[in-house]
Each structure stands twice: as structure tokens, then as C-alpha cells.
Amino acid sequence: MNTKIKKIIFIFTILFILNIDPVYATAGRLRKASIKTCPNGVTYGLHSDGNGGTHWHQAVQDASGNYYPTGETTYYDDPCPSSTTNQDTAPPTNSNNSQDNSSSNNNNSNINQNNESNTQNQTITQSQSNNTEIKQITINDDVITEIKDEIEYTSTINYVEIEVQLEDDKATYKIDGITENLSKDNINNVKIQVTAEDGTKKEYTIKITFEPQKSNIKILEFKVNDEVVEFDFNNKASISVLNNVKKFNYTFKLSDTTASLKLFQGEKELSKDIELSEGQNQYRIEITDSDGNVVNYELEIERMSQLGTVITTLIVIFFIIIVPITVLATVIISLYKQKKKNMVQDKNRDV
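Residues numbered from 1 in each chain as written. Predicted model: local features only at pLDDT ≥ 70, side-chain atom pairs only at ≥ 80, totals over all residues. Heavy atoms only, no water.

(A) Structural context of the state of the cysteines. One pass over the full model with this rule turns up one disulfide. Bridging Cys38 to Cys80, the disulfide has an S-S length of 1.8 Å. Torsion about the S-S bond of the Cys38 and Cys80 cystine: about -75 degrees, corresponding to left-handed handedness. Of the two residues, Cys38 is situated in the loop between strand E1 (36-37) and strand E2 (43-48) and Cys80 in the loop between strand E4 (67-75) and helix H3 (95-116); the sequence distance between them amounts to 42 residues. Take Cys38 and Cys80: they sit in the same class, and that class is buried. (Disulfide = S-S within 2.5 Å. Helix = DSSP H or I, 4+ residues; strand = E, 2+ residues; numbered from the N terminus. Buried < 20%, exposed > 50% of the residue type's maximum accessible area, 1.4 Å probe, protein only.)

Written as C-alpha cells, this is what we have:
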């Protein structure tokens, strides 16, 4: 090869090197902490551009677990901001190509660095975000965009499902507090702790008030000691028992088998072998459906006094025994008189 051709090749080589885009000329491994897999299954990682900035590359992995750019595609913006985890889908590197690329990149990087300064080693530190702000919170399909340190929310069901969207995709959050079986008597506090990329933390509080709605559940059947209780349109019922009935148990059937029923006297919940005082006994029946909505019934049970029991027993005996006997006797007497009358008439006709 003559001298003239060598000079031409040398000039073209220099021009080619000087016109390489610095974004593709940076050397070394991708930042391991940035490695992540996008929904399309491709693994990416951050790479320094040699000028204080960064860009994204498709990643390959060597046998030591280090990640390198493939050089096939470069992104200045995050290719998939919603993804944060590495699913180990990066293909293995070709050791020879990796070394060649690394050597070439190192040479190009040295050229760029020598053009900027005479230092051989240059360390670029990327500052991490301290953003702990929440973009929006979704509670039971209700979207909240006005985010404050303390948020008040009212739920008509006894649980909440909370989703949080952060302003910074590199930040993380965790939820702690009461989200199920909400109390209707007290405020239910839920804490959201956001941790920024640089470790900065901020806590948000959601104060949840549970206001149950009236349930549509109905009592299909309610028995006190096997006696059926009939409730009116106002969900009220009243029955009487004899003085010797000192305790009772109850059974029931509801229109929704997923609902629950509880019996209260005042604020005390009663279950079985419930003692009856002489006179009027007032009870509240509380039915709760699967969403925590409530409907109430009122039940009054009168335990008669001894005198009342005697009178009631006599009345029952009168109507059950005496009245039927009296009616039967009246009918027999009437039939007898009618028969006798017929006999007299027949005798008179014969005469």
C-alpha cells in the first residue's frame, strides 16, 4: 500500500472518530441499580454519556453478572417508567465482541475526555431524586387528586381498597392501618409512607369515617323457643310467654345467607339461654350485610306474672275445653228437642 493511500485512510479514520455521537461513545458497564425489565420483556439500563448526562440502552449480561449496552437502541427518556424490577431477561454477552466494544468505547471515551481535560479518570455523580409527592389516590374507585398531609374520606361499606400513584416512578410507598372491618364508632386511620429515591420519607394520613347505609336484608323467619314471631311493616314485634318460661333461645332465616344477625339488650349482645325478667323485655335485632350495611328490628317479649299466667291458663281452658263442650252440648240438646218435636207431630198426624 503506497504512502498516499495510507494518508487517505488515516484522514478518514480520524474524521470518522471525531464525528461519532458522544451518546454512543461512552464506555463501561450499565448502572446495575438501574437495570429493569419492561413489559415487552426487554431489559434496559442507564448509561453515562461522558458529559454529565445519562441515557438508556438495551442490556446484555456477562458471566459475572455485570450489564453492558448492546449499542442497538438508545433512549434519552425512560423506555418504561412504570417498571422497576429486573426479571433477568438480558441475553448473555459475546465475550469477544464485549471486549472489542469495551476496548473501542474506552478509546473513544479517552479521546472525548482528552478533548475536555487532561485527566484520565473522570467520575460523574448523578444526584438522586428526593420527590415524595403523591400524584393521586384511588379509594374504592373514588379518585382523589387534591393531596394533603391529612385526607378525610367517608365510606359507606366496611372496607376500603387503596391505590397510590406517585409523582416519581423511582419512589416507593407502603400502606399501614385499618382497611377492613371498619369501625363505625371511631375514625379509622390509614398511613401512607412514601420513600424517595434518595431515602427521603414522608407520611400521609387518611382519616376514614364509616357510615353504614340501611341494608335491604329482611328476616324471613324468626322463632323464640319454636314460637314464630311476626314483625310488622315497621320491623317491630311483640309476644307473650307464661311465667314459667324463664329463658329463651332463638332461630332465624334471612333473605341473604351472607348476612349476620345479632340480638342486643341495650348495648349487651346476647346469644343463647337468654334470661327473661317478669314483665316487659325489650330487644334489638341487628342485621349486617357483607358490605357492613345495617338494618334493625325491635322485639318485645312479655313474661307474664303468676296471676296473669293463671288467668291466661283459665282462658285457654275455657276456650279449648269449656267452649267446645258447651257448643257440643247445645247442639246435642237442640237435636234432641228437634227429634222430640218431630215425633209429636208424627203422632198427631196418625190420630
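(B) View of the sheet that holds strand E5 (residues 134-139). Pairing in this open sheet of three strands is antiparallel, and the strands run E6-E5-E8 from one edge to the other. Sheet topology places strand E6 (142-144) and strand E8 (162-166) at the edges, where each strand pairs with a single neighbour. When the angles between neighbouring strand axes are averaged without regard to direction, this sheet yields 15 degrees. With five bridges joining them, E5 and E8 adopt antiparallel strand pairing. (Pairing = 2+ DSSP bridges. Axes fitted to C-alpha atoms, helices over the stretch in contact; angles between N-to-C directions.)

(C) Region of interest: the layout of surface pockets. Taken as a whole, the largest pocket holds about 820 Å³ of empty space. Of all elements in the fold, only strand E3 (54-61) and strand E9 (172-177) reach the threshold of two or more residues within the lining of the largest pocket. Here the lining of the largest pocket takes three residues from E3, the largest share from any one element. By residue class, the composition of the lining of the largest pocket is ten nonpolar, eleven polar and eight charged. (1 Å grid on protein atoms, 1.4 Å probe; cavity = no way out; pocket = protein on both sides within 12 Å on 5 of 7 lines; lining within 4 Å. Points joined across faces, edges and corners; volume = space filled by probe spheres on them. Nonpolar A, V, L, I, M, F, W, Y, C, P; charged D, E, K, R; others polar.)

(D) Inspection of the sheet that holds strand E13 (residues 227-228) at higher detail. As summarised here, the arrangement of the three strands in space is E13-E12-E16, forming an open sheet in which the pairing is antiparallel. The sheet is open, and its two edges are formed by E13 and strand E16 (250-254), each paired on a single side.

(E) Representation of the packing of aromatic side chains within the structure. For the structure shown, the criterion picks out five aromatic pairs. Here a set of aromatic residues connected by ring pairs shows up, and it is made of Phe222, Phe231, Tyr250, Phe252 and Tyr297. Just above the ring of Phe264 sits the side chain of Arg284; from NZ or CZ to the centre is 4.4 Å. (Phe/Tyr/Trp six-rings, centres within 6.5 Å; stacked < 30°, edge-to-face > 60°. Lys NZ or Arg CZ within 6 Å of the ring centre and 35° of its normal.)

(F) Focus on the pattern of salt bridges. Counted by the stated rule, this structure contains five salt bridges. Lys202 is the salt-bridge partner of Glu133, the closest N and O atoms lying 3.5 Å from each other. Taken together, the residues Glu133 in the loop between H3 and E5 and Lys202 in strand E11 (residues 201-210) connect sequence positions 69 residues apart. The exposure class of Lys202 is partly exposed, given its relative accessible area of 24%. Salt-bridge contacts for Glu146 lead to Lys148; the nearest nitrogen and oxygen are separated by 3.8 Å. The class for Glu146 is exposed, based on a relative accessible area of 58%. Each of Glu133, Asp149 and Lys202 takes part in one network of salt bridges that share partners. (Salt bridge = Lys/Arg side-chain N within 4 Å of Asp/Glu carboxyl O.)

(G) Geometry of the pairing of E5. As paired elements, E5 and E6 share three bridges and run antiparallel to each other. The residue bridging Thr138 from the neighbouring strand is Val143, located in E6. Connecting the antiparallel pair E5 and E6 is a turn made up of two residues, with Asn140 showing a positive phi of about 45 degrees.

Without other data, these values stay purely geometric and don't point to any function.
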